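Coordinate inspection notes
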Amino acid sequence: MNCFNGAYAFQAFPAHLKAMKKKIAELSAKEMDSTDRDAWVDYFCSEYEIDLVVMYPESKDIDISEKTVQEYNTWYQISRDEPKFFDRPGYKVTCKVPFSGDPGLFELQPNPHTMGAYEVDRIIKPGKDGIGYLVLSYELLERDASAEGIEAHFSQEIGAIHTEVEKVNTEARRFNEMIRGEVEKAIDERIRQVDKFARIRQGLNIPLNRVEGAPMARPVPLPKRKLCFSKPVPNTRGEVSCSITDVDYEAINAVISDCGALMEQAPSSFSSLDEEQLRDYLRGMLGTHYDNVTGETFRNRGKTDIHIPFGDHVAYIAECKIWHGKKAFLSAIEQLFSYSTWRDTKVSVIIFNKENKSFENVLESIQGALDEHAIRARSIKRGQWYCEIQNAEDERVMHVTVQAFNLHV
């Protein structure tokens, strides 16, 4: 079979997105009753996110067997009395290349696409261990065979396939980066249709006309320059889960980023401060960006964190920590789960480096910790990450922005 000769990737991915939106649009009010909005978002993202292909050519398995190989008779062109082929001693070599990811990506044509055969015997889909195999074969005459030549042949074939796979992966990554936003829009539109309410995501203080007994998550309005919350009406069958909006979450993190950048410009003025003093400085700066800040807004919860309360819960937490290594960093993130009970709590972790000469080593340690423990981790810029971390016990997903600032002098 030939790889990369099916539909164009730029056509396949929009079709994939269209199918997902159709599934969301078909969700019934009964299905959405007593469910959480972000649970649906997570579900559809996990169902429709493209699993990128990773090839492992260094773990390929090669097998060789003797075989009679046909060799073309050049005299056949001159005299049809001559046989067209001669049977010659030779070999058949089979190469199995492990891979993980969606095998369907091998069928798509990337853009740009380098024309070629990209022949494989078959594709074995990944099993329970998540590993599949590309099976390639190569027949050659005994007189032409050598170990070096066989290795070079497969290296070239596998390399060409890998190049095209990476092109498809690039388009798949772009799809994955935008899918959550598209899912959220589709889910919110379906909620709007079910609730008869066109502006549910803007946090307006208008009661939801929900289907009876159907608590759904909705954003807690937190507009810039004016902090205000509308308390959800208690539901007899469960509590409505709330959170600050994504826009305000990003705005708060932007304020923290700007403050941290200013602190880095004059590290000697801040390097002597402890965690609590650094926290209080950030809290004060956040207060300057919202005109109705009270003692309850961005209030202290403990010695090191800032949080926005909502009822008996917290809708936002900012945890400030001096860098004391990877283990302490992960412990701080685990502790955040005990602070929050809502499934979609949004948090920030602010790391200050005061003791390590190599800030790059700190950043590498943070990256490694997130790679190991986050469901998703995306580097926004140097020293800043957005990630999602799941609690193994109750499957709650916490949205975490990590920012690291260098105050070492």
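Residues numbered from 1 in each chain as written. Predicted model: local features only at pLDDT ≥ 70, side-chain atom pairs only at ≥ 80, totals over all residues. Heavy atoms only, no water.

Some thoughts on the confidence of the model for the protein chain
- Here the protein chain shows a mean pLDDT of 81. Residues at 70 or above account for 80%.
- At the level of individual helices and strands, the protein chain shows its lowest average pLDDT in strand β6 (residues 218-220), which scores 43, and its highest in strand β4 (residues 122-124), which scores 94.
- Contacts of residues 197-237 to residues separated by more than four positions or lying in other chains number 114 contacts, the stretch itself having pLDDT below 50.
- Counting interchain partners and residues more than four positions distant, the pLDDT-below-50 stretch residues 291-296 has 9 contacts. (pLDDT = per-residue confidence, 0-100. Helix = DSSP H or I, 4+ residues; strand = E, 2+ residues; numbered from the N terminus. Contact = heavy atoms within 4.5 Å.)

Section: the packing of helix α7 (residues 326-339) against helix α8 (residues 359-373)
- For the pair α7 and α8, interaxial distance at closest approach is 10 Å and the crossing angle is 50°. It follows from the interaxial angle that α7 and α8 lie oblique. Where α7 crosses over α8, the two elements pack in a sense that is right-handed. Across from Lys-326, Phe-329 and Leu-330 in α7, the residues of α8 making contact are Ser-365, Ile-366, Ala-369, Leu-370, Glu-372 and His-373. (Axes fitted to C-alpha atoms, helices over the stretch in contact; angles between N-to-C directions. Parallel < 35°, antiparallel > 145°, perpendicular 65-115°, else oblique. Left-handed = near helix turned anticlockwise from the far one by under 90°.)

Describing helix α6 (residues 275-287)
- With 13 residues, α6 extends 18 Å from end C-alpha to end C-alpha; this agrees with the ideal 18 Å at 1.5 Å per step.
- Where α6 is concerned, the buried positions are Leu-278, Arg-279, Leu-282 and Leu-286. Buried residues in α6, looked at end-on, bunch into an arc of 100°, giving them a common side.
- Where α6 begins, one side-chain oxygen reaches toward the backbone nitrogen of Glu-276, 3.2 Å away; that side chain belongs to Asp-274. (Expected span 1.5 Å × (residues − 1). Buried < 20%, exposed > 50% of the residue type's maximum accessible area, 1.4 Å probe, protein only. Arc of directions from axis to C-beta. Polar contact = N/O pair within 3.5 Å; in protein donor to acceptor, adjacent residues only side chain to side chain.)

Some remarks on the pattern of salt bridges
- Evaluated as defined, the whole model comprises 22 salt bridges.
- Put simply, Arg-37 and Asp-188 hold a salt bridge, and the shortest N to O gap is 2.8 Å. With Arg-37 in helix α3 (residues 37-48) and Asp-188 in helix α4 (residues 147-195), this pair connects stretches of sequence that are 151 residues apart.
- The buried category is assigned to Arg-37, whose relative accessible area is 5%. (Salt bridge = Lys/Arg side-chain N within 4 Å of Asp/Glu carboxyl O.)

Some thoughts on unusual backbone geometry
- Here the residue pair Asn-111 and Pro-112 is connected by a cis peptide bond, since its omega of 5° sits within 30 degrees of zero.
- You will see that Phe-4, though not glycine, has its phi angle at about 60°, which is positive.
- On the basis of relative accessibility, which here comes to 1%, the residue Phe-4 falls in the buried class.

A look at the packing of aromatic side chains
- Throughout the structure, instances matching the rule amount to 14 aromatic pairs.
- On the basis of an interplanar angle of 75° and a centroid distance of 5.1 Å, the ring pair of Tyr-43 and Phe-44 is categorised as edge-to-face.
- A relative accessible area of 4% places Phe-44 in the buried class.
- Through a chain of ring-to-ring contacts, three or more aromatic side chains come together here, namely Phe-4, Phe-99, Phe-106 and Tyr-118.
- A cation over a ring is seen here: Lys-96 above Tyr-133, with NZ or CZ 4.7 Å from the ring centre. (Phe/Tyr/Trp six-rings, centres within 6.5 Å; stacked < 30°, edge-to-face > 60°. Lys NZ or Arg CZ within 6 Å of the ring centre and 35° of its normal.)

Considerations on the environment of Ile-131
- For Ile-131, the position within the fold is in the loop between β4 and β5 (132-141).
- Spatially, the C-alpha atoms of Ile-131 and Met-55 are 9.7 Å apart, while their sequence positions differ by 76 residues.
- With near-sequence residues (within four places) excluded, Ile-131 lies in contact with Tyr-56, Pro-98, Phe-99, Ser-100, Lys-125 and Pro-126.

A closer look at the nonpolar core
- If you look at the biggest cluster of nonpolar residues, it comprises 44 residues, and the most contacted ones within it are Phe-44, Met-55, Phe-106, Ile-161, Val-183 and Ile-187.
- Going through the elements one at a time, α1 (9-25), α3, β3 (85-100), β5 and α4 are the ones with two or more residues in this core.
- Ranked by the residues each element gives to this core, the list is headed by α4, at 14 residues.
- Setting aside its immediate chain neighbours within four residues, Phe-44 contacts Met-20, Lys-23, Ile-24, Leu-27, Glu-49, Val-183 and Ile-187.
- Of all hydrophobic cores here, the second largest spans 25 residues; its members include Val-347, Val-349, Leu-370 and Ala-404. (Core = buried A, V, L, I, M, F, W, Y, C linked by side-chain atoms within 4.5 Å.)

As for the side chain of Asp-38
- Summarising the element assignment, Asp-38 is placed in helix α3.
- Its relative accessible area of 8% is what places Asp-38 among the buried residues.
- A distance of 2.4 Å separates polar atoms of two side chains, one belonging to Asp-38 and the other to Arg-37.

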